[in-house]
Amino acid sequence: MTMPENGAGAEVLRPHAEDAFAQELKALAAADDRPRPVRWKLSPWAVATYLLGGELADGTVITPKYVGPRRIVEVAVTTLATDRALLLLGVPGTAKTWVSEHLAAAVSGDSTLLVQGTAGTPEEAMRYGWNYARLLAHGPSREALVPSPIMRAMTEGMTARVEELTRIPADVQDSLITVLSEKTLPIPELGQEAQAVRGFNLIATANDRDRGVNELSSALRRRFNTVVLPLPATADAEVDIVARRVDQMGRALDLPPAPEGLEEIRRVVTVFRELRGGITDDGRTKVKSPSGTLSTAEAISVVTNGLALAAHFGDGVLRPSDVAAGILGAVVRDPAADRVVWQEYLEAVVREREGWKDFYRACREVTA
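Conventions we followed
Throughout this description, residue numbers start from 1 for each chain and increase along the sequence as written. Given that this is a predicted model, residues contribute local features only at a pLDDT of at least 70 and side-chain atom pairs are listed and counted only at 80 or more, while totals for whole chains, interfaces and linings are drawn from all residues. Remark: hydrogens and water are excluded; side-chain values derive from all non-hydrogen atoms of the structure. Put simply, a salt bridge is a Lys or Arg side-chain nitrogen that is within 4 Å of an Asp or Glu carboxyl oxygen. Categorising residues by exposure relies on relative accessible area from a 1.4 Å probe, with only protein chains included: less than 20% of the type maximum marks a residue as buried, more than 50% marks it as exposed, and the intermediate range marks it as partly exposed. Numbering of helices and strands starts at the N terminus; helices are DSSP runs of H or I of at least 4 residues and strands are runs of E of at least 2. Note on contacts: a residue pair qualifies if any of its non-hydrogen atoms lie within 4.5 Å across the two residues. We call two strands paired when DSSP finds no fewer than two bridges between them.

Novice: Would you take a moment to explain the pattern of salt bridges for this structure?
Specialist: Here the idea is simple: oppositely charged side chains can pair when their charged atoms come close. Per the counting criterion, the structure on display carries 22 salt bridges. Between Glu163 and Arg161 there is a salt bridge, with the nearest N and O atoms lying 3.2 Å from each other. In terms of burial, Glu163 and Arg161 fall into one category: buried. Its salt-bridge partner being Arg319, residue Asp315 comes within 2.5 Å of it at the nearest N-O pair. A residue is classified by how much of its surface remains accessible, and Asp315, at 52% relative accessible area, is exposed. Sharing partners across several salt bridges, the network here consists of Arg70, Arg71 and Glu74.

Shown next, in the form of structure tokens:
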């Protein structure tokens, strides 16, 4: 009997998208009678439905993976059906990685062909490496070559992913130019090349707000179709996103249901939107913005941590005292400047807001 790699009966903390939503993907594939591009698991229509959610003819409910403009998802999916690569661009926390993973899962059934971009990402991660034991024993050969996720995607007709492309050094970024323009990957050591087969494409994510960013060359940027993922347009949309993700994460961690803390979720979202926008929701009071991004992803983290506090050290109900410390940590990144911004916001806005007295006291306590 073959044992699972992570131990028999072990539960994966965060399953890949194709595993976590396997039933939805299976139901979509069964109901999908539209034309599919070569080697795609679903048609473009079904891929968009998987991301945006809907109900199939047999009653199967497809949960939304992305809450935002439908046209953005349609353009992204259509791009992958062409020979142009897709660049998902946006400020931190706009679900670029989340969308990238689910697109790859729906298109190829495999979201794991991934290169994680960092300042130390080597060219081998984008192209190929070598099994040095075989290389020394037998010299350069195909057997000694270790393909990168991108090379595998090319030869198998799959979707590759590159996360945080602008974190990768510029000379390593440009190793993608030949891959994306000529659909080949030269292997000069063998006098050969790996050619992409139909079905291959690449999704990259990037933001230009992070420190240590390496701008994409114009030659590389031309190889991508860029889709900008915006921050949620309304407070209600952002509350919905946060509540959905917190509920998913909470179930995995055996935390109380998110609806029990919907009031606090709305409060966290309101604080984040007002501080990053520089004005209160009613448009009457201007406020200073801190140095951090205060993204939707950070709001999800604050609420999830608050639920954990409520579950393990409270009565299981999310309260202001459970989220106050998390909000402080998200807002005050620069101990000097951001603390002043936060204290002014507390006194000028939160203190005077009806129904927020418990929240104000909790925030004042952790700030002091």
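Novice: How do you make sense of the environment of Arg134 when you look at a structure like this?
Specialist: You can see Arg134 is positioned in helix α7 (residues 132-138). On the basis of relative accessibility, which here comes to 42%, the residue Arg134 falls in the partly exposed class. For the pair Arg134 and Leu145, spaced eleven residues apart in the sequence, the C-alpha separation amounts to 8.8 Å. Leaving out residues up to four positions away in the same chain, Arg134 has contacts with Gly139, Glu143 and Ala144.

Novice: I tried to follow the pairing of strand β8 (residues 184-187) on my own but got confused; where do I start?
Specialist: On a regular strand, one side chain projects to one face of the sheet and the next to the other, so that they alternate. Relative to strand β9 (residues 192-195), β8 runs antiparallel, the two sharing four bridges. Looking across to β9, one finds that Pro186 is bridged to Glu193. The hairpin turn running from β8 into β9, its antiparallel successor, is four residues long, and Gly191 in that turn takes a positive phi close to 65 degrees.

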